[in-house]
Structure formats: structure tokens, C-alpha cells
Amino acid sequence: MKKSGAGIFIESLIREKVNTIFGYPGGSVLNIYDILFDNPHIRHILVRHEQGAVHAADGYARASGRPGVCVVTSGPGATNTVTGIATAYMDSIPVLIFTGQVPTPMIGNDAFQEADIIGISRPCTKHSYLVRDISSLARTIHEAFSIATTGRPGPVLVDLPKDVLSTEIEYESPKEVKIRGYRPNYEGHAGQIKKVVSAIIKASRPVIFAGGGVILSVASKELTELAKITNIPVTNSLMGLGGFSELDPLSLGMCGMHGTFMANMALTETDLIIAIGVRFDDRVTGKLDEFAVNAKIIHIDIDPTAIGKNVPVDIPIVGDVKNVLKKLNLLLKGEKKEWERDHHVWLEQIEKWKSTYPLTYKQEKDKKIKPQYVIEQINEITRGDAIIATEVGQNQMWTAQYYKFTKPRTLLTSGGLGTMGYGFPAAIGAQVAFPDKIVFDIAGDGSFQMNVQELATAVKYNLPVKVAILNNGYLGMVRQWQQLFYNRRYSYTALDSTPDFVKLAEAYGAVGLRAEKPEDVRKVIKEAIDTPKPVVIDFVVEPEENVYPMVPAGRPISEMILL
Amino acid sequence: MRHTISVLVENEFGVLARIAGLFSGRGFNIESLCVAESIDPSISRMTIVTRGDDRIIEQITKQLNKLVDVIKVVDLTEEKFVDREMVLIKVNAEPSVREEILRITDIFRGKIVDVSPKTYTVEVTGDEDKIVAIIELLKPLGIKEIARTGRIAMSRGTKLLG
Ligand SMILES: Cc1ncc(C[n+]2csc(CCOP(=O)(O)OP(=O)(O)O)c2C)c(N)n1
Ligand SMILES: [Mg+2]
């Protein structure tokens, strides 16, 4: 059958089981939009800014585990996606970005709305393609999906010149995708896994350090099993939250710059780190020379480049986390060791750290609302069962600390890039994937304004996302650094011409609520949840509250500033 | 330490930019990079000469391998290999020095590939020491311009890359 490039594009999406895409039209993708106009298989969500499209596709992917897809036009449409792509890249999220491009004969001539998006996005995509010939279009799209979703996932960009989309050829569905330079290793070396068993048996103060890889490889169950068999405590990186229930007695919570005292002390005093799907980011390790100096390190990751990059590793295992943990658990179950008794002293020590310096703040009755209190109440009221997106800054760290994540894919947060403006469109994407779930974006007054235009999207598609703005009147996290390390010189961090968020919400046709007193917090959260519409809640919170514990940049993680 | 790395890549648009971008983006050093089609026209072969401690070289080979367009990476430095470079040297050829240039070129088994009333262009192939040596010898006679290819390399014996 004869099909146009645009037709092949849509057909290929359908073959990849895509039913939802996020996008924004323009001249070079008109042929695609002409098909979308009445295509019954693909739902197109019209965002209000291309950055929002990529974040929404990313949030859709993080929440559902399926790849997120977006379509934008050439030139400015394409360049507007860059922050979204870099965000997905840093957190290894499978997102497909289809960009329009000027017709092939015009490429390189500075044509109207031409941008070398392949060149611009090269350092922040897992891979990218410029389709120069319609005969390779279908194969390229399937390759792009395969690369985005396998191995260490990541964003893949496909640039589609207008002439490729508009010409017609005889369409044949392509056969199996095979890329000779791309063979991720899923298995994990059996000999290395045996070595892990004996290292675990020998250790007396072991700790599991689990990251986003656990969530990406759907290995929460296996991770939990590993912890249960061996009675080894688990700390999560920010990206790993939800991979191990924080209600489990073995959970130490998050580690790193704003991690819990017990997690950071455990990582400092341990004699064996079992690192699973993490990359030893500087926000976790603090000063590298003093990180876990007495520990052996086991590192399991599907990406060989993550292993040995920042810390020297004693037992590296390249493989899919789920596969490796399954094999490891099987071997460990066969071992006769009294795990309870053997880790008793270590777990008691951890318990002491926990009770001496728990996460703490004080909500006084007649004072301003504490942001931590808001998050605790959201946690309680949703019974930890909501999907929580965050923005970046204090709001993000308090969410990581005070919301108790118990399931994978319930926290959507820009960990690697730290992108303000990520949370709201990501929450929209998650709500599209799960129309019946409660989805919150825990936001800052600064961050929310970076993609506030997506309120129109939420209203248009009746996506009842709840935006909880912790309105402190500041770029709070930056202000905190200025307070602690720059002599309280609050240079350009006060947000003193912030709009009235309630009125702003109403202007978009959403619902605006406000809480100014601690006793209003629960009531307003409940009202928001009971409102079947997008809701923006303006929580007027203590302006100069800080996130603690805090490890100053460049210091070892045992040196925490505590409250 | 200096390493010579052979890389087989897809002979496609943009691959060189990916490799160059990897090196510049991650702050790895490139001393030289040569690339041309291999015996299989769908595959190009690159020879990259770089420097770094073991940890950096490990990252370089891993990062190269991670690129979808990269088919194979071998650090030749771990085994016996031959490497060659070619240089073209345009040297001042006043009548008084012509004899000397011819003699030096001959010693290095080079060739004069172009002649003009005032210049000779010398072509020499060899390992780095040889290239450096002839340049040093011709310098006093007045080198006007040189063009070096950078190194290509291959492991010794029957061992193959592909
Ligand atoms: C796009 C972007 N620009 C700048 C920053 C640097 N930055 C990190 S946190 C922060 C303040 C965020 O303010 P707000 O959203 O109000 O959150 P708060 O810290 O007050 O909770 C800034 C500016 C960033 N992370 N992202
Ligand atoms: Mg703020």
C-alpha cells in the first residue's frame, strides 16, 4: 500500500503501541497533524510550550513505564525541547522526540525555521537520527523505540524533514530491529555474582544503596527480597525513592546532601556497599576521598560507564538489575547464615543514629505553616498512594524527606539535571497515563512559574492535577545557600512580584485555593482532592525555613549541618 | 600514558561528530584521529591517539562502546602493533641546499613528490620517531609548511579487529 512519510510515521507509532502523544504543531509537521486530526488510534495532547511536551512525555514514561512520545515542529519548536531532553537524559527516561525539519534540499542553507537540532541535542540524547530518505523511515522509528527503551533507557530524537513526511512510497512493515553496535548486556556475570555472595556473607556492616536503576528495571520486588533475606538496611538515592518501601524497618530513607543522618552515617561506617542501579553522583557521595573509606563496593548496573566512573569498585557487575538480583537472591537463599543475629549489632547502631537525629521540624500552632507539615499532611491524606511530582529546590528535598514513598513510579522528580519547571508538566503526563490516580505537583513559587502555561493544558483535557505551591516568596534553595555560605546576602532570590496564584488559577479556568494557617492545611488538601478539576493550592509558608540535614558542597557526607 | 585505540564505526552521517563530541564534552584529550572507510564500505575505521591514566582510558573505551554507532573498540596499546604516519614537508629548495634535501630524503626512504624553482615537497612515511627526526633535520634548511596525517595502526600477526 502507498503511504506518505507522515502516514508511515503514524503507522509506526501504532505498531509501537503508542496511543498518546504530546505535541505542538508548526509548518514542518503539518502532514503529521493532518493525519492526527481524525486518527482514532492516537490521542494528541496539545501543550502550551514544547518544553512542556517533553516533560509531560517524560512524566508519562516515569509513571507508567511505557515510553513517552512527543512531536514538535522544526527550528524554535525543536530548540524549545532541549531542556526537556536533557532532563530525561540525566535520569535515563525513555522519551521519543520527533522534530520536524526543513526539506532535505534546504538543510544547511539557514532556511526559515531551520535548526541543527541533531547537533544541538547530540550531547543529551542517547541517540538521534536525521531521516534523509523515506525508505528508511519506518526502520528508523522502530530502532529509535528500541534504543530508548532497552539497556540504560534514555531519550532518542528523530528529525523528520518535511519532504520525507510528504512524499509517498510503497509501505512495507519492517522486520525485526537489529543494530550491530548496540548490544546491552542484561545477564550479569555468574562468577561475579558468586563473589557478591561471599562478600555479603563476610560483611558485618553492609548497606544496600539503591537508585533509579531499580525502578527502571522493575526490580523493587527483587530488591525487597534481597534486603529481607539478608537483613541488610537499604538507603535510596533521590532517583531510587519508591524502589524500596520507606515504611519498611530496614529503610534508611534517602542519602546524600539532604539525606537522613542514619543513611549518611551508615554509608560512612559501612564495610560493604551493595550499590544497585546508581551512579555515585556527587550529591550522594559528598567529598569523594572520604566516601565510605572502609567499605568494599559492589556495583550492579546495566551501563558499564557508570561503574568505576566516580568511585573505585571491588566487584563490578554489568547487567540488568532485575536479572542480577534474581540470580543473587537464589544463591543467598541457599546459604546457611544467621542474618538476623549477624547484623544485629549493626542494625542497633543504625537505630541509635535514627533516634538521635531523626528528620525533624516544628509546626507551632499560631505561627506560619511549615512546608514540611504540608508534605506530611499530603502523605497522610493520600496514604502514600498518590503520584508525586516535584519541582526543584527546597520543595523537592522536603518532598524526598517527608513524603514516605512505598511504591516505584510514584515519585517524578528531575534528579540529575535539577530542572525547575519539570514537575507540573510531568504531573500532567502522569495524569494522562493514570486518569484515576491522585497526582500532585509539590512546587515552589519560583519553579511553578517556569511552566505555568501548562495550566491551560490541564484545564483543556480536564486533568485534575493538584499543584501544591510551597510559597515561601523566595528561590528558597538558593536563598538557603546564600544564608549559610554567603553571609545572608540574598542577591536576587526574593520573588517579590509573584502573581496571586489563586487568581491565576482561576484565570486559566482551574480552581485556586489558599492556606495561610496550619489549621487550614488538611482542609485545603482534602478540598483539592475532592475537586475533580486541576487545582492550584497556594500554601503561604514560613519564608526562611531551611532544609536539614545539609552536607555543605565538597564536604564528606558525615559532616551534616543538623537542625 | 599514551594509548592508540582502533574503533570500527558505522560509515554514516554524523558519526565523527558524535566521537569528537564525546571527547570534547567529557574533557578527554585527542592527540590525533584518523578515519576512513574500511574493507567493508558500510564500516569506517578510526585510529584515535589519546592520553590518560588507567581510569580515564577505561572511561574512554567504555564511553566509545556505549555509542550506538560504534561497532568495536580495541585499545591496541595492550598488545603488539604497528603504527604509521605520513607527512608532507614543503621545504625551501635554494640551489645550495637541494643536494642536502635529496640526501636526507633518501636516508628516510622518502620521496620528492613536487618540485618548484624554490621548493621541494617531501613525502615520508614512518612511525612517530622517524617523522619527528626528518622534520628536525630539514628545519635548518627552511621548512615552509608541513601536513601530517596523524597515526593509523594495526595489531601485529594474524589478529584482526573486525
Ligand atoms: C531552570 C533552573 N534554573 C535555575 C535553577 C537553580 N535553582 C535551584 S533551586 C532554585 C530555587 C527554586 O525556587 P522555588 O521554585 O521557589 O523553590 P524553593 O526552593 O523555594 O522551594 C533555583 C533558582 C534550577 N535548578 N533550574
Ligand atoms: Mg520558593
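Attention here is on the structure that accompanies the text. (Residues numbered from 1 in each chain as written. Chains lettered and ligands numbered in written order. Predicted model: local features only at pLDDT ≥ 70, side-chain atom pairs only at ≥ 80, totals over all residues. Heavy atoms only, no water.)

## Examining the overall build of chain A
Logical step 1: For chain A, the helix and strand inventory stands at 24 helices and 20 strands.
Logical step 2: Relative to the globule expectation of 24 Å for 563 residues, the C-alpha radius of gyration of chain A, 24 Å, shows essentially globular dimensions.
Logical step 3: Taking the principal axes of its C-alpha atoms as reference, chain A extends roughly 70 × 60 × 40 Å.
Logical step 4: The proportion of buried residues among the 563 residues of chain A is 60%.
Logical step 5: Contacts spanning at least 24 positions in sequence make up 76% of the contacts within chain A whose residues lie at least 6 apart.
Logical step 6: Here chain A displays about 22,100 Å² of accessible surface, and carbon together with sulfur accounts for 52% of that area.
Logical step 7: Taking the average place of the 61 positive charges on the side chains of chain A and the average place of its 62 negative ones, the gap between the two points comes to 4 Å. (Helix = DSSP H or I, 4+ residues; strand = E, 2+ residues; numbered from the N terminus. Rg over C-alpha atoms; globule rule 2.2 N^0.38 Å. Buried < 20%, exposed > 50% of the residue type's maximum accessible area, 1.4 Å probe, protein only. Contact = heavy atoms within 4.5 Å. Areas by Shrake-Rupley, 256 points an atom, 1.4 Å probe, with all protein chains shown as cover. Lys, Arg positive; Asp, Glu negative; His and termini not counted. Charge placed at Lys NZ, Arg CZ, Asp CG, Glu CD.)

## Observations concerning the coordination of the magnesium ion (ligand 2)
Residue and element names in this part refer to chain A.
Logical step 1: Here the magnesium ion (ligand 2) is held by Asp 445 (OD), Asn 472 (OD1) and Tyr 474 (O), and the distances to it run 2.0 to 2.1 Å.
Logical step 2: Mapping the donors of the magnesium ion (ligand 2) onto the primary sequence gives the spacing D-x26-N-x1-Y. With Asp 445 in helix H20 (residues 445-448) and Asn 472 in the loop between strand S18 (466-471) and helix H22 (476-485), this pair connects stretches of sequence that are 27 residues apart. (Donors = N, O, S within 2.8 Å, 3.2 Å for Na, K, Ca; no water.)

## Observations regarding the sheet that holds strand S2 (residues 32-37) of chain B
Residue and element names in this part refer to chain B.
Logical step 1: Taken together, the four strands give an open sheet; going across it, the order is S2-S3-S1-S4, and neighbouring strands pair in antiparallel fashion. Of all the strands in the sheet, the pair left with one neighbour each is S2 and strand S4 (70-75). Between one strand axis and the next, the sheet turns through 15° on average, direction left out of account.
Logical step 2: Summarising the sheet, strand S1 (residues 2-10) and strand S3 (residues 43-51) pair through nine bridges and their orientation is antiparallel. (Pairing = 2+ DSSP bridges. Axes fitted to C-alpha atoms, helices over the stretch in contact; angles between N-to-C directions.)

## Concerning unusual backbone geometry
All names here are of chain A.
Logical step 1: Put simply, Tyr 548 and Pro 549 share a cis peptide bond, and its omega is 0°.
Logical step 2: Mapped onto the secondary structure, Pro 549 falls in the segment after strand S20 (535-540).
Logical step 3: With a phi angle near 60°, Asn 231 is a residue other than glycine that sits in the positive phi range.
Logical step 4: In this structure, Asn 231 sits in the loop between helix H11 (220-230) and strand S10 (234-236).
Logical step 5: Positive phi, normally seen in glycine, also occurs at Arg 383, with a value near 50°.
Logical step 6: With respect to the helices, strands and loops of the structure, Arg 383 is situated in the loop between helix H17 (371-381) and strand S15 (387-390).

## Side note on helix H2 (residues 54-66) of chain B
Residue and element names in this part refer to chain B.
Logical step 1: Look at H2: 18 Å from first C-alpha to last across 13 residues, which is about the 18 Å you get at 1.5 Å a residue.
Logical step 2: Looking only at H2, the buried set comprises Ile 57, Gln 59, Ile 60, Thr 61, Lys 62, Gln 63 and Leu 64.
Logical step 3: Contact partners of the buried residues in H2: S1, helix H1 (15-25), S3 and S4. (Expected span 1.5 Å × (residues − 1).)

## Topic: the site of ligand 1
Residues and elements named next belong to chain A.
Logical step 1: By nearness alone, 17 residues border ligand 1, and Gln 394, Gly 418, Asp 445, Ser 447 and Gly 476 come closest of all.
Logical step 2: One nitrogen or oxygen atom from the main chain of Gly 476 is found 2.7 Å from an oxygen atom belonging to ligand 1.
Logical step 3: For ligand 1, whose free accessible area comes to 580 Å², the fraction covered by protein is 77%.
Logical step 4: Within the residue set of the shell around ligand 1, elements represented by two or more residues are helix H18 (394-402), H20 and H22.
Logical step 5: The residue makeup of the shell around ligand 1, split by class, is seven nonpolar, nine polar and one charged. (Near = heavy atom within 4 Å. Polar contact = N/O pair within 3.5 Å; in protein donor to acceptor, adjacent residues only side chain to side chain. Nonpolar A, V, L, I, M, F, W, Y, C, P; charged D, E, K, R; others polar.)

## Examining the side chain of Lys 337 of chain A
All names here are of chain A.
Logical step 1: On the secondary structure map, Lys 337 appears in the loop between helix H14 (321-333) and helix H15 (339-342).
Logical step 2: Polar side-chain contacts of Lys 337 include one of 3.1 Å to the backbone oxygen of Ile 201.
Logical step 3: Every residue in contact with Lys 337, bar those within four places of it in the chain, is listed here: Ile 201 and Asp 342.

## A closer look at the packing of H11 of chain A against H14 of chain A
To characterise two packed helices, one gives the angle between the axes of the helices and the distance between these axes.
All names here are of chain A.
Logical step 1: Close contact between H11 and H14 brings their axes to 9 Å; oriented N to C, the two are set at 25°. As far as their axial angle goes, H14 and H11 are roughly parallel. Seen from above, H11 lies across H14 with left-handed handedness. Note on element contacts: H14 touches H11 through Lys 322, Leu 325, Lys 326, Leu 328, Asn 329, Leu 332 and Lys 333, opposite Glu 222, Leu 223, Glu 225, Leu 226, Ile 229 and Thr 230.
Logical step 2: Broken down by class, the residue content of the contact of H11 with H14 amounts to six nonpolar, two polar and five charged. (Parallel < 35°, antiparallel > 145°, perpendicular 65-115°, else oblique. Left-handed = near helix turned anticlockwise from the far one by under 90°.)

## Quick notes on the pairing of strand S13 (residues 296-301) of chain A
All names here are of chain A.
Logical step 1: Across the six residues that make up S13, a large majority, five, are buried.
Logical step 2: In this structure, strand S12 (residues 272-276) lies alongside S13, joined through five bridges in parallel fashion. The residue of S13 that forms the bridge with Ile 276 is Ile 300.
Logical step 3: Bridge count for S13 against strand S14 (residues 315-318) is four bridges, and the pairing is parallel. Bridging across to S14, His 299 finds its partner in Pro 316.

## What about empty space enclosed by the protein?
All names here are of chain A.
Logical step 1: Scanning the entire structure with this criterion turns up one cavity of 30 Å³ or more.
Logical step 2: Size it by volume and the largest cavity reaches roughly 30 Å³.
Logical step 3: Lining the largest cavity we find Glu 246, Gly 253, Met 254, Thr 260, Leu 359, Ala 400 and Gln 401.
Logical step 4: Listed by contribution, the elements that provide at least two residues to the lining of the largest cavity are strand S11 (251-254) and H18.
Logical step 5: Residues that form the lining of the largest cavity fall into these classes: three nonpolar, three polar and one charged. (1 Å grid on protein atoms, 1.4 Å probe; cavity = no way out; pocket = protein on both sides within 12 Å on 5 of 7 lines; lining within 4 Å. Points joined across faces, edges and corners; volume = space filled by probe spheres on them.)

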